[in-house]
Amino acid sequence: MEVYQGKSVFGGIAMGRLSVYHKTDNAVKRTKITDIEAEKKRFEDAKEEAKRQLGVFYEKAVREVGEVNAAIFEMHQMMLDDLDYVESITNMIETQQVNAEFAVASTGDNFAQMFAAMDDDYMRERAADVKDISNRVISILQGNGDAGLSGDEPFILLADDLAPSETVQLDKSKVLAFVTRHGSTNSHTAILARTMNIPALIGVDFPEEGVDGQFGIVDGFDAKFFVEPDEDTKAEYRKLKEENEQKKRLLQELKGKENITRDGTKINLYANIGGVSDVANVLANDAGGIGLFRSEFLYLESEDYPTEEAQFAAYKTVAENMAGKKVIIRTLDIGADKQIDYFGLDREDNPALGYRAVRICLNRPEIFKTQLRALLRASMFGNISIMVPMIASVWEVKKVKEIMEEVKTELSTEGLPYKEVEFGVMIETPAAVMIADDLAKEVDFFSIGTNDLTQYTLAIDRQNAKLDRFYDSHHPAVLKMIQMVIDSAHEEGIWAGICGELGADLTLTETFVKMGIDELSVSPAMVLPVRNKIINA
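Because the structure is a prediction, the values reported are computed rather than measured. (Residues numbered from 1 in each chain as written. Predicted model: local features only at pLDDT ≥ 70, side-chain atom pairs only at ≥ 80, totals over all residues. Heavy atoms only, no water.)

Outline the packing of helix 11 (residues 308-321) against helix 13 (residues 365-378), listing residues and values.
Close contact between helix 11 and helix 13 brings their axes to 8 Å; oriented N to C, the two are set at 35°. Note that helix 11 runs across helix 13; the crossing there is right-handed. Contact with helix 11, carried on its side by Glu 308, Glu 309, Gln 311, Phe 312, Tyr 315, Lys 316 and Ala 319, involves Thr 370, Gln 371, Arg 373, Ala 374, Leu 375, Arg 377 and Ala 378 of helix 13 and no other residues of that element. Of the residues belonging to the contact of helix 11 with helix 13, the class tally is six nonpolar, three polar and five charged. (Axes fitted to C-alpha atoms, helices over the stretch in contact; angles between N-to-C directions. Helix = DSSP H or I, 4+ residues; strand = E, 2+ residues; numbered from the N terminus. Left-handed = near helix turned anticlockwise from the far one by under 90°. Contact = heavy atoms within 4.5 Å. Nonpolar A, V, L, I, M, F, W, Y, C, P; charged D, E, K, R; others polar.)

Written out as C-alpha cells, the structure is:
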C-alpha cells in the first residue's frame, strides 16, 4: 500500500480503479509552406472551430455548474480572438513561411512563458489557459478529436493536470474522483470540480508508471490518496464512505423544504460568499439567498482600484444568478488582516483596532462612492441589499446614508436607474451592541459579525495562535450581546441575523432560535446541516 498526501479541492470519499489520463500528443513539426494565404486560412478555420467547440463546452457547463463558472469558456473564446495572439501567429506564417501548427505552438509557448513569469497569481494561471487554447487549435489542425475522458466502468482519474475544457467533459456518472499533480485550489478547474461535486485532490506526487488499473482510494476530507490499499484500509473507508453517503442522502431530502422549527418559527437561511464564482455552490446547496457577499475580493484580486464598471458587472452577475433571492453585499472591508498595497495604508501597531472598513470609506469617499454607484446600478437586476461593516457610532451610519443620497442624486442626474435598497449595518463592536437601540432607528436590518464581535468583546487577537485557548465564541458575554442586538432590532421592527462563523455552529442553532434570530448566513456547504438543526429545533 502506498499513501500520498495532497491538497483537497473537494471533499468526499471515492474508491475504485485508477485510470491515468494522457493528453493527446500534439507533436508539432516545422514545415515550410508555399501558399501563405491558404495556410492563414487553415489557421482561421481552425480558430473558428475551436471557438465553436468552446461554445458547446460553455452551454454544457452552464447546465452543470452555472453561468458564473462556465465563464472560463467565454474567456477562452475571447483569448482566441486576442489581437496580439492572432497577429503573432499570422505574422510567423507570413514572415517565416511555416505551417500553422508550428506558428500556433510557438506563439502558445511564448505567451505561456510570458504569463508564467508575471508576479501575479491570476496572470500566472493564464499560462495554462493559453496552452489550452493553443493545443485545441493544433489538435483541430492535425485532425485529432478531443482526448477521451470516459470509460465503461467508474474510475478515479489521475492526470498531470486538467484544463477547464477537459474537466467539463468529465462524465460524472463514470468519474469517481480526480487526482492531479499540479493545479491550484483557486484555479478554474478546482472551482468546476467543487461545483460538480467530484472528490478531488491536487498536488499529489503519484508515480508516473505502474498505477493505471490499480485500486485506489481518494480521501477528499484528509487530502490522502491510497494506491492498492490493504484490506483493513479498504474496510475502514467503505464504512466511512457509507456514513458520508448516508449523511448526504439525508441532507438532500431537505432541499426545497422551509427552515421552520417545530413550533412554526421560520428562519431565513442564507449563504456567505467571497466572490462571483461561489454562487453555484449557493444554488447547489439550496440557500434562500446570500447573507454576506464579501465585496473586498474585487479589490484583493485587482492590481488597482476596481472600476465602477468592473464592480457593477460582478454585482449584476450575482444578482441575476440569484434570480430575485436576497443578495446582501457588504461594502469594502479592508484593513486589519486584509491589506492591499495600492491603498497605501500606513503600518499600524494594532491594525485590528485601526484604519479599516467604514473608517477608510468615510475618509476616502471617492472610493466609497464608486462602490455605491456600482451597487445601486446593479440593484436593477435583482434583490440587492447594502450592508456596512465595523460600525461603532450613529454618526457613521448617518454619514454613510448622506453619501448614499449624494450618489442617488448623481445617478438620477445622469439618467442611470437604480432601486431603493434595503440598508443595514454589521454589529461587530461592543459599542454597536450598546447603542443597538439607537442604530436600529437608522437601518433596515442588523447582521452580527460574530468573529470580530468575539475578538473585541474578549480583547483577544483572533489571528494570534497563542491565544486560541482563550478565544471562546461561546463566552456568556458574547451570547448576551447577541441577545441584546436581537432584542433591540425587534423593538424597532427590523430583523437581525448572524453572518459570522458562529452562525454555522450546530451546537448553538437551537440557542439562536430561542433568542429570536431571524436569519443565519453560513458557508454554502453548511446550509443543509443548519436547516436540519432548525427543523428539529
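I'd like a rundown of helix 13, residues and numbers included.
Along its 14 residues, helix 13 runs 20 Å from first to last C-alpha, staying within 8% of the 20 Å computed at 1.5 Å per residue. Judged by how many residues are buried, helix 13 sits mostly within the fold: ten of 14 residues are covered. Ile 367, Phe 368, Gln 371, Leu 372, Arg 373, Ala 374, Leu 375, Leu 376, Arg 377 and Ala 378 are the residues of helix 13 that are buried. In this structure, the buried residues of helix 13 make contact with helix 10 (296-300), helix 11, strand 11 (326-330), helix 12 (358-363), strand 12 (383-388) and helix 14 (394-413). (Expected span 1.5 Å × (residues − 1). Buried < 20%, exposed > 50% of the residue type's maximum accessible area, 1.4 Å probe, protein only.)

Help me get a handle on the sheet that holds strand 12, residues and values and all.
Read around the closed barrel, eight strands run 9-10-11-12-13-14-15-16, paired in parallel fashion. Adjacent strand axes in the sheet meet at a mean angle of 25° when their direction is disregarded. Of the strands in this sheet, strand 9 (268-273) and strand 16 (519-522) touch helix 20 (residues 527-535), which is tilted by about 160° from strand 9. (Pairing = 2+ DSSP bridges.)

How would you summarise the state of the cysteines if you had to cite specific residues and measurements?
Evaluated as defined, the whole model comprises zero disulfides. Cys 499 provides the cysteine sulfur closest to Cys 361, a residue in no disulfide bond, and the two sulfurs are 16 Å apart. Note on Cys 361: relative accessible area 3%, which makes it buried. (Disulfide = S-S within 2.5 Å.)

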